[in-house]
Amino acid sequence: WVETGLNTDPNVRDIIIVAGETLTSDLHKLVKYTSAAVVKSGAGEPVLGVLQNAPASAAMAIVRVMGITRAVSDSTGNTNGAYISSAASGVARASAAAASGTGHVDTTGSRSTQPLRGAYVIGISLETATTGATFSMLITHSGAIATTAV
């Protein structure tokens, strides 16, 4: 990968990586890194960042890995402040609590077990989005997080 100077905002980081599949219709979708290339993320998968261009297969993809970006909402939409994870085909969805899976959380000096979000959390929605709409998101790379605030 190559770090770029495409954006002059010091709070944003874009990198260039080869596209491992045709992404010509996937501007602002979530991508993952696999086999030295990026492809659209699947449901619940870890996300490298958000696609900032629409490259053909084997062309250079610009991926935002830090800062504020636009993202494409899935068929359920999301609300302002929602934790965002990947749905199928690289679209963003509001992350729900997992049906199973727990983590240990320190609650004021005592450890408790809390349910985790059902997928890797890539960021936080900065606005409400309807089905298929493009919305603003802050990339946080939070990963697995508890569903209960500590």
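The coordinates are above.
**Observations regarding the pattern of salt bridges**
Right, so step 1: Scanning all chains against the criterion turns up six salt bridges.
Right, so step 2: A salt bridge links aspartate 14 to arginine 64; its shortest N-O distance comes to 2.6 Å. With a gap of 50 residues between them, aspartate 14 in strand E2 (residues 13-18) and arginine 64 in strand E6 (residues 60-72) connect regions that are remote in the sequence.
Right, so step 3: When its relative accessible area of 9% is taken as the criterion, arginine 64 is described as buried.
Right, so step 4: Salt-bridge contacts for glutamate 21 lead to lysine 40; the nearest nitrogen and oxygen are separated by 3.7 Å. Taken together, the residues glutamate 21 in the loop between E2 and strand E3 (30-34) and lysine 40 in strand E4 (residues 37-40) connect sequence positions 19 residues apart.
Right, so step 5: On the basis of relative accessible area, glutamate 21 is assigned to the partly exposed category, the value being 25%.

**Some thoughts on the pairing of strand E11 (residues 121-125)**
Right, so step 1: Most of E11 is tucked away, with four of its five residues classed as buried.
Right, so step 2: Inspection of the sheet shows E11 paired to strand E12 (residues 134-143) by four bridges, in the antiparallel sense. Note that in E12 the partner of valine 121 across the bridge is glycine 143.

**Let's talk about the pairing of E3**
Remember that side chains alternate between the two faces of the sheet whenever the strand is regular.
Right, so step 1: Sheet topology places E3 next to strand E5 (residues 49-51); two bridges connect them, and they run antiparallel. Bridging from a neighbouring strand, valine 31 pairs with glycine 49 of E5.
Right, so step 2: As defined by bridge partners, E3 adjoins E4 across four bridges and the pair is classed as antiparallel. Each residue of the ladder has a partner; that of threonine 34, found in E4, is alanine 37.
Right, so step 3: Adjacent in sequence and paired antiparallel, E3 and E4 are bridged by two residues, among which serine 35 carries a positive phi angle near 50°.

**A look at the side chain of serine 85**
Right, so step 1: Checked against the element boundaries, serine 85 lands in strand E7 (residues 83-86).
Right, so step 2: According to the relative accessible area criterion, serine 85 is buried, its value standing at 0%.

**A few points about the nonpolar core**
Side chains of a nonpolar character, in soluble globular proteins, are inclined to be buried together.
Right, so step 1: Core analysis: the largest hydrophobic core is formed by twelve residues, namely Leu30, Val47, Val50, Ala71, Ala82, Ile84, Ala92, Ile122, Ala129, Phe135, Met137 and Ile139.
Right, so step 2: Among the elements that line this core, the one with the most residues is E12, at three residues.
Right, so step 3: Ile15, Ile17, Leu51 and Ala61 belong to the second-largest nonpolar core, a separate cluster that totals ten residues.

**A few points about the environment of valine 47**
Right, so step 1: The residue valine 47 is located in the loop between E4 and E5 in this model.
Right, so step 2: Between the C-alpha atoms of valine 47 and valine 121, which are 74 residues apart in sequence, the distance is 8.3 Å.
Right, so step 3: Ignoring sequence-local partners within four residues, the contact set of valine 47 consists of Leu30, Val31, Ser41, Ser86, Tyr120, Ile122 and His141.

What counts and how
Residues numbered from 1 in each chain as written. Predicted model: local features only at pLDDT ≥ 70, side-chain atom pairs only at ≥ 80, totals over all residues. Heavy atoms only, no water. Salt bridge = Lys/Arg side-chain N within 4 Å of Asp/Glu carboxyl O. Helix = DSSP H or I, 4+ residues; strand = E, 2+ residues; numbered from the N terminus. Buried < 20%, exposed > 50% of the residue type's maximum accessible area, 1.4 Å probe, protein only. Pairing = 2+ DSSP bridges. Core = buried A, V, L, I, M, F, W, Y, C linked by side-chain atoms within 4.5 Å. Contact = heavy atoms within 4.5 Å.

Purely geometric numbers; function is a separate question.
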